[in-house]
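The chain contents come next:
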Amino acid sequence: MTLTALRADRLFDGVTCLDEPTVLLDDGRVAAVGEPVPAGVEVLDLPGATLLPGLVDTHVHLAFDAGADPVAALAARDPEAELAAMADAAQAQLRAGVTTVRDLGDRDYSALRLATDLTVVAAGPPITSVGGHCHYLGGETTDVRAAVRERADRGCAVIKVMASGGGLTPGTDVLAPQFTDAELAAVVDEAHRHGLPVTAHAHALAAVAQAVRAGVDGIEHASFLTADGVEVPDELVAAIVRQRVVIGATLGIVPVPGAMPPPHVLRHLPAFRATLARLIAEGAVVVAGTDAGIGPVKPHGVLPRALVELVGLGMSPLDALRTGTTTAARVVGLGDRKGRLAPGYDADLLAVAGDPVADPAALLEPVAVVVGGRVSEVAR
Ligand SMILES: [Zn+2]
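Thresholds applied
Residues numbered from 1 in each chain as written. Predicted model: local features only at pLDDT ≥ 70, side-chain atom pairs only at ≥ 80, totals over all residues. Heavy atoms only, no water. Helix = DSSP H or I, 4+ residues; strand = E, 2+ residues; numbered from the N terminus. Rg over C-alpha atoms; globule rule 2.2 N^0.38 Å. Buried < 20%, exposed > 50% of the residue type's maximum accessible area, 1.4 Å probe, protein only. Contact = heavy atoms within 4.5 Å. Axes fitted to C-alpha atoms, helices over the stretch in contact; angles between N-to-C directions. Parallel < 35°, antiparallel > 145°, perpendicular 65-115°, else oblique. Left-handed = near helix turned anticlockwise from the far one by under 90°. Nonpolar A, V, L, I, M, F, W, Y, C, P; charged D, E, K, R; others polar. Donors = N, O, S within 2.8 Å, 3.2 Å for Na, K, Ca; no water. Core = buried A, V, L, I, M, F, W, Y, C linked by side-chain atoms within 4.5 Å. Pairing = 2+ DSSP bridges.

**Q** Would you take a moment to explain the overall build of the protein for this structure?
**A** In terms of regular secondary structure, the protein is built from 10 helices and 17 strands. Taken over C-alpha atoms, the radius of gyration comes to 20 Å for the protein, in line with the 21 Å a tight globule of 380 residues would show. For the protein, the spread of C-alpha atoms along the principal axes amounts to about 65 × 45 × 45 Å. Counting over 380 residues, the protein shows a buried share of 55%. For the protein, restricting intrachain contacts to residue pairs at least 6 apart in sequence, the fraction spanning at least 24 positions comes to 68%.

**Q** Hey, could you run me through the environment of Ala72 in this one?
**A** Within the secondary structure, Ala72 is located in helix H1 (residues 70-75). Judged by its relative accessible area of 40%, Ala72 falls in the partly exposed class. For the pair formed by Ala72 and Asp88, sequence separation is 16 residues and the distance between their alpha carbons is 18 Å.

**Q** Would you mind showing me how to read the packing of helix H4 (residues 144-154) against helix H5 (residues 181-193) here?
**A** Each pair of packed helices can be described by the angle between their axes along with the distance between the axes. The contact between H4 and H5 brings their axes to 8 Å, and the two run at 30°. The orientation of H4 with respect to H5, classified from their angle, is roughly parallel. Crossing angle aside, the handedness with which H4 passes H5 is right-handed. Contacts between H4 and H5 involve Val144, Arg145, Val148 and Arg149 from the first element and Glu183, Ala186, Val187, Asp189, Glu190, Ala191 and Arg193 from the second. When the residues that make up the contact of H4 with H5 are grouped by side-chain class, the tally is five nonpolar, no polar and six charged.

**Q** Hey, could you run me through the coordination of the zinc ion in this one?
**A** Six octahedrally arranged donors around a metal ideally form angles of 90 or 180 degrees; four tetrahedrally arranged donors ideally form angles of 109.5 degrees. Only His59 (NE2), His61 (NE2) and Asp291 (OD) from the protein coordinate the zinc ion, and they sit 2.0 to 2.1 Å from it. One chain supplies every donor to the zinc ion, and in sequence these donors are spaced H-x1-H-x229-D. In this pair, His59 sits in strand S6 (residues 55-60) while Asp291 sits in the loop between strand S14 (285-287) and helix H9 (303-312), placing the two residues 232 residues apart along the sequence. In this structure His59 comes out as buried when scored by relative accessible area, which is 0%. When its relative accessible area of 6% is taken as the criterion, Asp291 is described as buried.

**Q** How should the nonpolar core be read in this particular structure?
**A** The nonpolar side chains of soluble globular proteins are, as a tendency, buried together. Counting 83 residues, the largest nonpolar core has Ile219, Phe224, Ile240, Val286 and Leu310 as the members making the most contacts within it. Tallying contributions element by element places helix H6 (residues 205-214) first for this core, with seven residues. In contact with Ile240, other than residues within four places in its own chain, are Val208, Val212, Phe224, Val245, Ile247, Leu279 and Ala284. With 17 residues, the next largest nonpolar core counts Val30, Val33, Leu51 and Ala351 among its residues.

**Q** Could you clarify how one ought to interpret the packing of H9 against helix H10 (residues 317-331) in this entry?
**A** The geometry of H9 relative to H10 is characterised by a closest axis approach of 9 Å and an angle of 140° between their N-to-C directions. The pairing of H9 with H10 is recorded here as oblique in orientation. H10 is crossed by H9, and the crossing has right-handed handedness. Between H9 and H10, the contacting residues are Leu307, Leu310 and Val311 on the first element and Pro317, Ala320, Thr323 and Gly324 on the second. Here the residues of the contact of H9 with H10 are counted per class, giving five nonpolar, two polar and no charged.

**Q** Would you mind showing me how to read the sheet that holds strand S8 (residues 119-122) here?
**A** Think of a sheet as strands paired side by side through backbone hydrogen bonds, with each pair either parallel or antiparallel. Spatially, S6-S7-S8 is the arrangement adopted by the three strands of the open sheet, whose pairing is parallel. On the outer flanks of this sheet lie S6 and S8, each paired with one strand and no other. Across the sheet, the mean angle from the axis of one strand to that of its neighbour is 20°, orientation sign disregarded. Taken together, the four bridges between S6 and strand S7 (residues 98-103) define a ladder with parallel strand orientation.

**Q** Before we go on, may I ask you to explain unusual backbone geometry in this structure?
**A** Most peptide bonds adopt trans geometry, and most residues besides glycine take a negative phi value. Here the phi dihedral of Ala66 falls at roughly 60°; this positive angle occurs in a residue that is not glycine. Mapped onto the fold, Ala66 is located in the loop between S6 and H1. Using a relative accessible area of 14% as the deciding quantity, one classes Ala66 as buried. Residue Thr250 is not a glycine yet carries a positive backbone phi of 45°.

**Q** So what exactly am I meant to see when it comes to the side chain of Thr199 here?
**A** Mapped onto the fold, Thr199 is located in strand S10 (residues 198-204). Residues in contact with Thr199, not counting those within four places in the same chain, are Arg102, Leu104, Val158, Ile159, Lys160, Val161, Gly218, Ile219 and Glu220.

No statement about biological role is implied by the geometric values presented.
Right, here's the structure in full:
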């Protein structure tokens, strides 16, 4: 038995802040939290820092390298080079204190083959229509039930479906659904039959509405786009709140000189922000889910910035911390192992310089990351 203790100035356990900022680790698990460190136990002291659970990003693409053209870069890689690039992406996540991710679109199930210390919940290639959004990842189908069954058989833990077109796929329509009502309902029915949640990529208002009607568990982007701009009907917001549909906000932007989000996104950014602020205010389940990897402004490990942005949209700092830990862990199906510092939980921790409850920007300064009980990164 190897006991190790961490001690900082403050501690957030995934739900609240505790008075005694200590965590005792026993091999790969949390043994005790908020208790005086027993004599004789080795202590890693982190003066000035705050301890919190390792962060959880509900929407990343490890197969995309966050370069100027991640789709072309992936196309140029053979499966071995793809796995090497994904391992680099995983390391970047860990360095930022993100210890669990949900990969919502790899190529040909590569995320299931990746060996990494990062905990990865994988969707496999997103289910899409023929020639539809991200078809090049290998998820085109005309038989959605068979597509869901294949993912269940291979060990995917979530079903990702492209309910509208998307910016990374020229020729697809971000203003229109890709599937019929019956097809999308069949995706949800077949997935739930296999015990898997469904999250739908949806930019179009029509696709968001269709996804809510179909009973999806989550919606990524939820851009509510129409030909005239962004339109957010009251009854649709009410249904999202009532059905507890998880909104993956795809927040998190790192300023990179010369790199900007595409014009169609930039133009609507104020409206997207207003929509998210409204969903938060009305009590919808909103997680940051960054879409890390899809471009230079969205590098792997961008989640801390997204949590800061949530505070800018009206979420309290404490709720933003809960969203990036407890809530996100529950959304990815690991709420009993990840996202909290409590006895029996996996020993995935982050320590940041300063107090993220007083100033969420403290999340951008990791000083230590612990994965499975091992200190993997310490910067002082
Ligand atoms: Zn995505």
